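Chain residues, written in single-letter form:
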Amino acid sequence: MAASAERGLAIDMGDAAAGSERTLRGSGVAVVLGQEAGRPAPCCPHGPTLLFVKVSQGKEEGRRFYACSACRDRKDCNFFQWENEKVLEGRLSAREGVNRSCQPSLSHRQNVERFKQFGLLPLSKRKFCQECQQLLLPMEWGKHSGHQILSDLSIAHLQRPSQLLCPLKNKKTNAQYLFADRSCQFLLDLIIALGFKRVLCVGTPRLHELIRLKASREQESSVKSLLLDIDFRYSQFYTEEDFCHYNMFNHYFFGGEAAHEICRKFLHQEKGEGVILVTDPPFGGLVEPLAFSFKKLIATWREIQEEDHSSKELPIFWIFPYFFESRILEFFPSFSMMDYQVDYDNHALYKHGKTGRKQSPVRIFTNISPSMIVLPVEEGYRFCSVCQRYVSSGNQHCEICNSCTSKDGRRWKHCFLCKKCVKPSWIHCNTCNRCALQGHTCESAKAVCFICSGAGHKRSTCPNLSVTERAGKADRNHRLKKNKKIKMDIVKRSYVKHATFSRKKIKNKKKKNKNTLAC
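The structure contained in this document is the topic of the report that follows.

What counts, and where the lines are drawn
- Residues numbered from 1 in each chain as written.
- Predicted model: local features only at pLDDT ≥ 70, side-chain atom pairs only at ≥ 80, totals over all residues.
- Heavy atoms only, no water.
- Pairing = 2+ DSSP bridges.
- Helix = DSSP H or I, 4+ residues; strand = E, 2+ residues; numbered from the N terminus.
- Contact = heavy atoms within 4.5 Å.
- Axes fitted to C-alpha atoms, helices over the stretch in contact; angles between N-to-C directions.
- Salt bridge = Lys/Arg side-chain N within 4 Å of Asp/Glu carboxyl O.
- Buried < 20%, exposed > 50% of the residue type's maximum accessible area, 1.4 Å probe, protein only.
- Parallel < 35°, antiparallel > 145°, perpendicular 65-115°, else oblique.
- Left-handed = near helix turned anticlockwise from the far one by under 90°.
- Nonpolar A, V, L, I, M, F, W, Y, C, P; charged D, E, K, R; others polar.
- Core = buried A, V, L, I, M, F, W, Y, C linked by side-chain atoms within 4.5 Å.
- Expected span 1.5 Å × (residues − 1).

## Digging into the sheet that holds strand 7 (residues 127-129)
- Strands sit in the order 8-7-9 across an open sheet of three strands; the sheet is antiparallel. A single partner strand is all that each edge strand has here, and the edge strands are strand 8 (134-136) and strand 9 (149-150).
- Sitting on the sheet, helix 3 (residues 108-119) touches strand 7 and strand 8, and the angle it makes with strand 8 is about 45°.

## Focus on the pattern of salt bridges
- Scanning all chains against the criterion turns up 21 salt bridges.
- A salt bridge links Arg206 to Asp345; the shortest N-O distance between them is 2.6 Å. One end of the pair, Arg206, is in helix 7 (residues 205-217); the other, Asp345, is in the loop between strand 16 (336-337) and strand 17 (362-366), and 139 residues separate them in sequence.
- With a relative accessible area of 42%, Asp345 lands in the partly exposed category.
- In this structure, Glu261 engages Arg264 in a salt bridge whose closest nitrogen and oxygen atoms are separated by 2.4 Å. Taken as a pair, Glu261 and Arg264 lie in helix 8 (residues 256-268) at a separation of three residues, close to a single helical turn.

## Details of the packing of helix 6 (residues 181-193) against helix 7
- Look at helix 6 against helix 7: their axes get within 10 Å of each other, and the N-to-C directions meet at 60°. It follows from the interaxial angle that helix 6 and helix 7 lie oblique. For the pair helix 6 and helix 7, the crossing hand works out as right-handed. Contacts between helix 6 and helix 7 involve Cys184, Gln185, Leu187, Leu188, Ile191 and Ile192 on the former and, on the latter, Arg206, Leu207, Leu210, Ile211 and Lys214.
- Counted by class, the contact of helix 6 with helix 7 contains eight nonpolar, one polar and two charged residues.

## Some points on the environment of Arg233
- Relative to the elements of secondary structure, Arg233 occurs in the loop between strand 11 (224-229) and strand 12 (243-247).
- It is 9.9 Å that separates the C-alpha atoms of Arg233 and Ser162, two residues lying 71 residues apart in sequence.

## A few points about the nonpolar core
- Ranked by internal contacts, the top residues of the largest apolar core, which has 79 residues, are Leu200, Leu207, Leu228, Phe317 and Trp318.
- Looking at this core, the element that brings in the most residues is helix 9 (residues 287-302), giving seven residues.

## Side note on the side chain of Arg114
- Counting through the fold element by element, Arg114 comes out in helix 3.
- Look at Arg114 and you get buried, because its relative accessible area is 12%.
- Apart from residues lying up to four places away in sequence, Arg114 is in contact with Leu106, Gln134, Leu135, Leu136, Leu137 and Glu140.

## Details of the environment of Leu158
- Counting through the fold element by element, Leu158 comes out in helix 4 (residues 155-159).
- Distance from Leu158 to Leu135, taken between C-alpha atoms, is 9.9 Å for residues 23 residues apart in sequence.

## Focus on helix 7
- Over its 13 residues, helix 7 runs 19 Å from end to end, which matches the ideal 18 Å to within 8%, given 1.5 Å per residue.
- Three or more residues of helix 7 are buried, namely Pro205, Arg206, Leu207, His208, Glu209, Leu210, Ile211 and Leu213.
- In this structure, the buried side of helix 7 is in contact with helix 4, helix 5 (161-164), helix 6, strand 10 (198-202), strand 11 and strand 14 (275-279).

Set out below in structure tokens:
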């Protein structure tokens, strides 16, 4: 039960339906990354796990535990281990067996060979099992009899695997929302206009296939791409040089060092010039581990940079909902958010053209200068000569803030008490001393630090963090010693009581036997 409870807190941290990463009012769970994590993490089927810690407002940190990096629902991956738990050899062997059994039955290289054989088949013999999501060779047809089969696969089908494969729809694991053609084409046109020659597609399979499709149609197409994605099904369609099985939440290459080297070579081509990273992570994922992984990719790119270019940044397009802006800027202060609305084919809400809260909240965060990014005027964007960037037509320039302040495409209003622009539906609350929706709960509006209960900062940036951690550790050790002593006293009393009772029992038995003999 304890494991389930702790894991439940962990999955709450990334609930996309809530609209942002949230911390429970009285308690929450934080992820521990980098040097703080200490020893290497144990592995689950999705690679190294993440270290979490329960934090409560004004209290010491709770017990640390490892859980899956990719799955926030224990039904999808039930890995759980306390940080200091000693795992027996038998359990380790069983865990390794489970990890192996969860891996794909065919390797990437085997899938590449199968694809070559599949491409040589006549059109009438090219079949795809929609239930197993697998390309079928003639010798395998019998095993899939009774399944829904798609026949007569053309070259066009094979060039657009994202339209052939069923999107994964579990939003708590690796939900796949695929770019609409409008957004995908805009991204590619923008990448070409900015002069990039290579695109590292991290979780953007539709952009990857559009780049490859353009290259197949145009002999002189100079844009190349490499796809990093956790969906191993794409290995059926791409070679090891075009696709790497990758978990962006723990920077894990399932193909090992060989796959990592492919990525490194891709980033190092032409001394690292002309490459851009484009990523579209699951919206329910934690920002911290994503940023940690992206910084690892940046560090790989920097390996080839000359010393006088050490201040240069790897160009990035991070596609994420606008309400994550403050979280992204924590890790990448040089980023800015574009007004362009990214929409998706298979998402009911994230559609371009809708108004109000029904419009797509997904934006492009980038470290490229906003003045260099041209947004399509025909889709409702205009150029602000004061801000020197393209904005949504409804995003009016505020003379007081001296900026186009809207985040969601609507015209925002300036609050003189808050000294900033806010959403048009918000009103100023004197209790919270800030603007919020009418009828909101004032208590939940006060965000404070878990460590010191102060306002204006979070636990991760609390100046008292190290002091509190040391005090908490000392207090924990004291409590452990005290509990151990109490347990020993209980055991000792129980033993004395049991020994006394046994002596009395033996004495009574001897007395009874003596009386029997006397009779």
